[in-house]
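Chain residues, written in single-letter form:
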Amino acid sequence: MALATATTSRDSLIVVANRLPVHRVRGGSVGEWETSPGGLVTALYPLLRERGGWWVGWSGSAGGDARVFEHEGISLRPVPLSRGELEHFYEGFSNETLWPLYHDALRTAQFHRDWWRTYVEINSRFAEAVCSLAAPGSAVWVHDYHLQLVPGMLRSSRPDLRIGFFLHIPFPPIELFGRLPWRREILEGLLGADVVGFQTRLMAQNFLRAARAYTRARGAGSVLHFGGRSLRVLPFPISIDVDEFGRIAAEPGTLARAAGLRRRIGENRKIILGVDRLDYTKGIDVRLRAFEEVLRRGDLTTRGACMVQVAVPSRGGVDEYAAMRRLVEQTVGHINGEYGEPGRVAVHYLHRNLSRDDLIVYYRAADVMMVTPLRDGMNLVAKEYVASRPDETGVLVLSEFAGAASELRQAVGVNPFDVDGMAGALVRACSMPEREQRHRMRAMRRRVRAYDLYAWAESFLGVLAEDPPG
Ligand code: ADP
Ligand code: F6P
């Protein structure tokens, strides 16, 4: 780590996201860093490492200072947040108001005026941090639901900047979004950008509809006119560094470790894998119930199959997350109690952050990958599994409510609210002939290779560099 000078050149890209891509390991010696959780970092970290640039974000713990430092070729500018601000801004407004509202109201969204006030304050702190370092005319790329006011704030204080915004999570239909007491302010914040990007066409349409209904924005198609300017609203489905996953997946060391894992689990048992942040949107509990149903009916036995669920700890300070963790752990215990035998566990459960290499060992070992969110902006795990299967075998079971479903059409599609349907899909996936597996996997691999993380970033930044629409 080295301190960097706090200025950018006109050509350097400034990424603004709630979290910095790395955080210091607690208790570790100086210089020990861990990659931050979530799909946003998975996608943007390799991109900035490759092209260099600036990243403005929170350090991952309360307090700290705003000193700029360098890490792996990226200049990082921390935005310090106090414990109280984190409760209102991150746990509160971001994760108990916006997160459930934007994910189909799977939990009741909480509306509190003091959380909103802190959200405005923190967004303005992020905007000020950007203004203090951005050279005239720089491109600033703001990310995700924590920072929806930042584009508008930058537009007022720095109209010289090119401002992009990308939402990693779903943008909900107007029937849900309309409940938000601060809907106009949020929309006007986003309308400050030159380009507003969403994961899917439907999410972009939801935004266009809400903007026309609740603000003075007007326009047809993907162009809106607002405040005397024009902006573009488009879908840009996010992706991963496909070559990197493919390269690690093909390494002899990875294959050897995947074979070792299979031996330990049982050579002739199908491995059904789940990999998620421990979030109630991911459908981990329903997936476990579907597996239990299959065992109960006797369609699969623990002699022939086992489930491995890897869950990365997430947002433990929010009650709904702590409750979901308890539910998942109780369900795992229940299934193992009912169906496990000494030396033959029905569900292996790992509650931890794994390294990229370790994760790919699991992807390579898994016969079936279950990605069954109740709602998800994209879901990069689905793409990671596909990218990690160079031998073209393996079956992806994919929720129709994940953004990835509109691209990975050859997956076995499921409605995650339908336990019986999921159980049926699981049995089908476990018995799918290799020929059919290859046919499906080949098509999905073609898609992820054709539009990887770099293509995603290039298409967004390409549109951002264009002249504003007429
Ligand atoms: P989200 O952004 O909501 O967490 P995504 O599926 O888009 O969902 O991205 C999750 C990212 O987190 C993926 O890159 C995945 O590899 C990573 N991940 C998930 N579980 C783990 C884990 N246990 N250890 C390390 N990384 C994980
Ligand atoms: O992809 C959705 C997302 O909320 C990202 O914004 C975030 O980086 C990730 O999930 C992990 O969440 P958190 O930063 O709350 O741990």
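Calculation rules
- Residues numbered from 1 in each chain as written.
- Chains lettered and ligands numbered in written order.
- Predicted model: local features only at pLDDT ≥ 70, side-chain atom pairs only at ≥ 80, totals over all residues.
- Heavy atoms only, no water.
- Disulfide = S-S within 2.5 Å.
- Buried < 20%, exposed > 50% of the residue type's maximum accessible area, 1.4 Å probe, protein only.
- Helix = DSSP H or I, 4+ residues; strand = E, 2+ residues; numbered from the N terminus.
- Pairing = 2+ DSSP bridges.
- Domains from an automatic or database assignment.
- Contact = heavy atoms within 4.5 Å.
- Buried area = accessible area lost by both parts, 1.4 Å probe.
- Salt bridge = Lys/Arg side-chain N within 4 Å of Asp/Glu carboxyl O.

Q: Teacher, can you tell me more about the state of the cysteines here?
A: Think of a disulfide as a covalent bridge from one cysteine sulfur atom to another cysteine sulfur atom. In total, this model carries 0 disulfides according to the counting rule given. Unpaired in this structure, Cys 306 has its nearest cysteine sulfur neighbour in Cys 430, at a distance of 10.0 Å. The exposure class assigned to Cys 306 is buried, which follows from its relative accessible area of 0%.

Q: Whenever I open this one, the pairing of strand 12 (residues 229-235) confuses me. Can you help?
A: Two faces make up the sheet, and in a regular strand the side chains alternate between them. Most of strand 12 sits inside the fold, with 5 of its 7 residues counted as buried. Of the strand pairs in this sheet, strand 10 (residues 195-198) and strand 12 are connected by 4 bridges, and their pairing is parallel. Following the sheet pairing, Phe 198 is matched in strand 12 by Pro 235. By the bridge criterion, 4 bridges tie strand 11 (residues 223-226) to strand 12 in an arrangement that is antiparallel. Bridging from a neighbouring strand, Leu 224 pairs with Leu 231 of strand 12. Once strand 11 ends, the chain turns through 2 residues before running back antiparallel as strand 12, passing Gly 227 with a positive phi of about 60°.

Q: Quick question: what am I supposed to make of the domain arrangement of the protein chain here?
A: Here the domain parsing of the protein chain yields domain 1 (13-238 + 455-465) and domain 2 (242-450). Its C-alpha centre places domain 1 at a distance of 30 Å from the equivalent point of domain 2. With 26 residues of domain 1 at the interface, the matching set in domain 2 holds 26 residues. At the boundary of domain 1 with domain 2, total buried surface from both sides reaches about 2,000 Å², with 61% on carbon and sulfur atoms. For domain 1, the biggest contributors to the area lost against domain 2 are Trp 99, Leu 106 and Arg 107; these three give 29% of the whole. The tally of links between domain 1 and domain 2 comes to 2 salt bridges.

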